[in-house]
Each structure stands twice: as structure tokens, then as C-alpha cells.
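Okay, here's what each chain looks like letter by letter:
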Amino acid sequence: MSEIAQGRTYLFSYGTLRQREVQVSTFGRELDGRQDLLPGYTLSLVPITDPDVVAVSGIDHHPIVQATGDLTHQVEGTVFEITDAELAAVDDYEVDDYRRVLVTLASGVRAWVYVDAQPGPRRP
């Protein structure tokens, strides 16, 4: 599912997909990206129990974002242009705590982002 208006697929990452080792493992290459902001979301952590994901990222708690509806809340991250096949690879990498949604970033770019699949605020 490509970003429709520009005919390109963009991915916004605020977490482990910005790590070189995760990119090489997931995409077979290092990505070039640019800084952007995700308005209307806040950041927290989720424990990761999938040993393959922990082995690639090197950490057992990953960042996760939740929608707040308040556009003054913003999460910093990086937007990458990727292929549809690479987007499918991210679907395989992300655990069930995440779901993919299409958002508009502060720059106006429409991008896919993986957000909390759990409704409401996440509790530690």
C-alpha cells in the first residue's frame, strides 16, 4: 500500500528501525532518512518478548506511540522512503503490540507508522 498522493511509500520511525543493524537485518541495506515530527502522539515503552526481535535490536523494551488527539503532543523521528516489499518486511519485524497506520507528519508527508495496537494509555 503505497502513499497515494506522491506515488511513494514513506515510513516514519521513532524507534529501533532507525538503528543501522535493524535496517540491515530487515531491509538488507542502510536507509537514508530525514528528521520529522509525528503530531498528536506520545511516546512510551513496551516490553518485547520475541527473542528474534530482541536479538536484532539489542534491547527488550522498544518505544511505542499512542494517539492523543492533541496536536501539541509530538514525537521526534525519521522518515524514510522505502519500497512496498520493504514495508512488508517491517510488518514481519514488528510484534503484535504494534499496528500500522497512515499519518500526516509535521512536514506534510503522508507516511506509515507503527503505533500501539492497544487502545487507551499503555500502563507499565
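Right, let's get into the confidence of the model for the protein chain. Averaged over all residues, the pLDDT of the protein chain equals 90, while 90% of them reach at least 70. Counting contacts from residues 1–5, a segment whose pLDDT is below 50, to residues more than four positions away or on other chains yields 11 contacts.

The next point concerns helix α3 (residues 84–93). Regarding α3, the residues found buried are Glu86, Leu87, Ala89, Val90 and Tyr93. Along α3, the residues classed as buried sweep out an arc of 155° about the axis, all on the same side. Those residues of α3 that are exposed and aimed more than 90 degrees away from the buried face are Ala85 and Asp92.

Let's shift gears to the packing of aromatic side chains. Enumeration according to the criterion identifies 0 aromatic pairs in this entry. Geometry around tryptophan 112 places arginine 100 over its ring, the cationic atom sitting 4.5 Å from the centre.

So, how was this worked out
- Residues numbered from 1 in each chain as written.
- Predicted model: local features only at pLDDT ≥ 70, side-chain atom pairs only at ≥ 80, totals over all residues.
- Heavy atoms only, no water.
- pLDDT = per-residue confidence, 0-100.
- Contact = heavy atoms within 4.5 Å.
- Buried < 20%, exposed > 50% of the residue type's maximum accessible area, 1.4 Å probe, protein only.
- Helix = DSSP H or I, 4+ residues; strand = E, 2+ residues; numbered from the N terminus.
- Arc of directions from axis to C-beta.
- Phe/Tyr/Trp six-rings, centres within 6.5 Å; stacked < 30°, edge-to-face > 60°.
- Lys NZ or Arg CZ within 6 Å of the ring centre and 35° of its normal.

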